[in-house]
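These are the residues of each chain, in order.
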Amino acid sequence: MRVTLIYRRDPPTSPLSRWVHRRPEGQTWVGTRRRDMIPPMPEKVPGKGYPLWEVSHRGRALVFASPHEIAHAVDVLGRRVLPRPYQLTVHYGRANSHWLSRLHASWTPWKVRQQLVAALRAIEF
């Protein structure tokens, strides 16, 4: 597994963003500023751009837009038995749109997830 830190000019999101970064009450997710999210999304690094972490394995890639998303992925994917997406969507109720239900099958075997979690834990922020 290879982890790469990429900087983007435009603010990135990942499949985990809507499930990890909550919007303040009374605001829409799309219209909320990055620093107002709960927890806040990373701001632009001067001279570089917005950070985006990419993990690649066997021609597939997973992207993460914040350290909070990486921590959430480590928590979920590090479990021996993966939870069902509906178990993780208490506040939203849309299990079919959850990032775990959209995760490619090549990432789900326990051996691959162990390698993925080890690679994600090794990232220094």
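Residues numbered from 1 in each chain as written. Predicted model: local features only at pLDDT ≥ 70, side-chain atom pairs only at ≥ 80, totals over all residues. Heavy atoms only, no water.

Draft legend 1. Just the overall build of the protein chain, in detail. Summing up its helical and strand segments, the protein chain has three helices and three strands in all. The order of α-helices and β-strands along the protein chain, N terminus first, is β-α-β-β-α-α. Oriented by its inertia axes, the alpha-carbon framework of the protein chain measures out at about 40 × 35 × 20 Å. Going through the 125 residues of the protein chain one by one, you find that 37% of them count as buried. Taking all contacts inside the protein chain whose residues are at least 6 apart in sequence as the whole, residues at least 24 apart take part in 61%. Working note: accessible area of the protein chain is about 7,800 Å², and carbon and sulfur atoms make up 50% of it. Counting 21 positive and 8 negative side-chain charges, the protein chain places the averaged centre of each group 9 Å from the other. (Helix = DSSP H or I, 4+ residues; strand = E, 2+ residues; numbered from the N terminus. Buried < 20%, exposed > 50% of the residue type's maximum accessible area, 1.4 Å probe, protein only. Contact = heavy atoms within 4.5 Å. Areas by Shrake-Rupley, 256 points an atom, 1.4 Å probe, with all protein chains shown as cover. Lys, Arg positive; Asp, Glu negative; His and termini not counted. Charge placed at Lys NZ, Arg CZ, Asp CG, Glu CD.)

Draft legend 2. Spatial organisation of the side chain of serine 66. Of note, serine 66 is situated in the loop between strand S3 (60–64) and helix H2 (67–77). With sequence-adjacent residues up to four places away left out, serine 66 is seen in contact with His21, Pro42 and Trp53.

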